[in-house]
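# Structure assessment
These are the residues of each chain, in order.
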Amino acid sequence: MADKFDVRILGVANFDSTAETTLFVEDGERVLVDATTFSCRDCKLNPPSMERAGPRRKVFFAPGSVRAAIVTCGGLCPGLNDVVRAVVMVLWYRYGVRDILGLKYGFEGLVPAIGHKPLVLNPEVVADIHRNGGTILGTSRGGQDPGEMVEFLIRSGINVLFTVGGDGTQHGALVLAREIERRKLSISVIGIPKTIDNDIAFTERSFGFETAVAESQNAIDGAHMEAKGVRNGIGLVKLMGREAGFVAAYATLASSDVNLVLIPEQAFSLDKVMSFLQDRLLRKAHAVIVVAEGAGQDLVASLGVDASGNKTPGDIGIYLKTAISHHFQKAGIPVSVKYIDPAYLIRSVPANADDSVFCFQLAGNAVHAAMSGRTAMVVGLWNGQFVHIPVEIAIATRKNIDVKSLLWQSVLDNTGQPKDLL
């Protein structure tokens with residue numbers, strides 16, 4: 001019986017790898033899903049595990065037969081160019097692949113009628129792209145007809161496709177992989193998960209997250225200085241996080257100047273928030289608030305979904321700014337509220353050093369997976385190891401902050417805010 005963590009394979013890998021390494025991973029190597037002793041109490045010596053990523057001794061595609069392509073989709077994120085560069089470098093130098101295409105503007109690049117011309121990629125083209133934010137391939141949201149995309153892959157002779165993007169992108173990649181499987185074609189589709197929010201299931205960290213946390217410090221520092229510069233100053237910073245508050249939580253811990261953080265995982269009432277702020281101003285005459293974009297959505301009008309099917313949150317930042325001003329005006333307490341939304345500044349910067357390293361490792365393992373014939377999967381980091389995750393598992397749920405966890409307790413200890421804001 002197949003395990004839900006088993007990854008699909010196109011067929012038997014009959015060819016010796018050309019990768020110049022002795023550090024091969026054997027197919028039976030697995031990484032525990034739950035590394036605690038509690039997980040094995042009822043596991044009957046077969047605990048849930050995921051396939052360990054890395055180069056295999058045998059590859060599925062014959063040397064010289066690969067034509068690879070890569071797409072970047074969704075919103076911008078630090079590290080996109082790092083990932084593109086890494087895919088090209090590992091394909092070129094480890095597997096001798098000399099035919100690599102960058103498909104422009106996401107899945108639109110797989111629809112010839114739209115008219116985007118592919119970009120031919122090689123080490124010279126990608127040599128310095130990691131120094132810049134954004135993506136040299138461009139990006140877009142929304143899917144295209146899977147049948148039309150498969151026809152493009154067939155006509156173009158592409159047998160390896162890397163899809164770099166978040167939940168919506170990997171949904172599209174799964175639909176594409178299923179259409180390829182239905183037609184019994186030997187085309188590998190490998191996802192490289194991208195989300196600043198760090199909410200991909202079964203992966204400890206997504207690329208761009210650490211850069212986002214680091215870059216958020218400038219906005220928080222500015223809010224702090226603005227708040228302290230006047231009597232009863234309030235600095236309000238909105239950070240990324242549609243359904244998960246990891247950026248807001250980690251940015252708060254990194255700063256230690258934040259007095260209140262609001263995240264999607266914890267509901268709050270305006271009365272409790274205003275009461276806390278009023279007490280804070282009475283004691284300290286200033287306050288700094290960080291709010292994740294998906295927090296408090298029961299208070300604001302929904303904006304529906306974007307072209308990728310992701311919920312578009314109402315603007316909790318503007319709502320809070322107005323609500324705070326009105327509350328203190330009504331209470332007869334003069335306040336000065338400064339609102340900062342640095343989202344577009346953060347997501348468009350180059351990756352920092354640690355994220356750049358992570359991008360290269362993530363993308364390199366994606367290449368190894370593709371060459372070994374894996375498909376319909378994403379690469380992630382779990383329990384300190386890079387692993388193969390079936391797309392169905394990766395997109396089935398989102399990772400969230402457990403408000404009963406030690407992480408959230410650390411945030412409460414750092415800010416001094418009440419545990420219950422309802």
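Just so you know, these numbers come straight off a predicted model, no measurement behind them.

## Some thoughts on the overall build of the protein
Within the protein, the secondary structure is distributed over 11 helices and 17 strands. Taken against the 2.2 N^0.38 rule, which gives 22 Å for 422 residues, the C-alpha radius of gyration of the protein at 23 Å falls within 12% of a compact globule. Projected onto the principal axes, the alpha-carbon positions of the protein cover approximately 75 × 55 × 35 Å. Looking at the protein as a whole, 54% of its 422 residues qualify as buried. Across the protein, every contact between residues at least 6 apart in sequence was considered, and the portion connecting residues at least 24 apart equals 79%. Accessible surface for the protein amounts to roughly 18,200 Å². Of this, 53% is attributable to carbon and sulfur atoms.

## As for the pattern of salt bridges
By the definition in use, this model includes 24 salt bridges. Two residues, Asp199 and Arg398, come together in a salt bridge whose shortest N-O distance is 2.9 Å. Highlighted residues: Asp199 in the loop between β10 (188–193) and α4 (209–228) and Arg398 in the loop between α10 (391–396) and α11 (406–415), separated in sequence by 199 residues. Judged by its relative accessible area of 4%, Asp199 is buried. Judged by relative accessible area, which is 26%, Arg398 ranks as partly exposed. Note that Arg205 is salt-bridged to Asp354, the shortest N-O span being 3.4 Å. Of the two residues, Arg205 is situated in the loop between β10 and α4 and Asp354 in helix α9 (residues 353–371); the sequence distance between them amounts to 149 residues. On the accessibility criterion, Arg205 (15% relative accessible area) is buried.

Reading guide: rules and limits
Residues numbered from 1 in each chain as written. Predicted model: local features only at pLDDT ≥ 70, side-chain atom pairs only at ≥ 80, totals over all residues. Heavy atoms only, no water. Helix = DSSP H or I, 4+ residues; strand = E, 2+ residues; numbered from the N terminus. Rg over C-alpha atoms; globule rule 2.2 N^0.38 Å. Buried < 20%, exposed > 50% of the residue type's maximum accessible area, 1.4 Å probe, protein only. Contact = heavy atoms within 4.5 Å. Areas by Shrake-Rupley, 256 points an atom, 1.4 Å probe, with all protein chains shown as cover. Salt bridge = Lys/Arg side-chain N within 4 Å of Asp/Glu carboxyl O.

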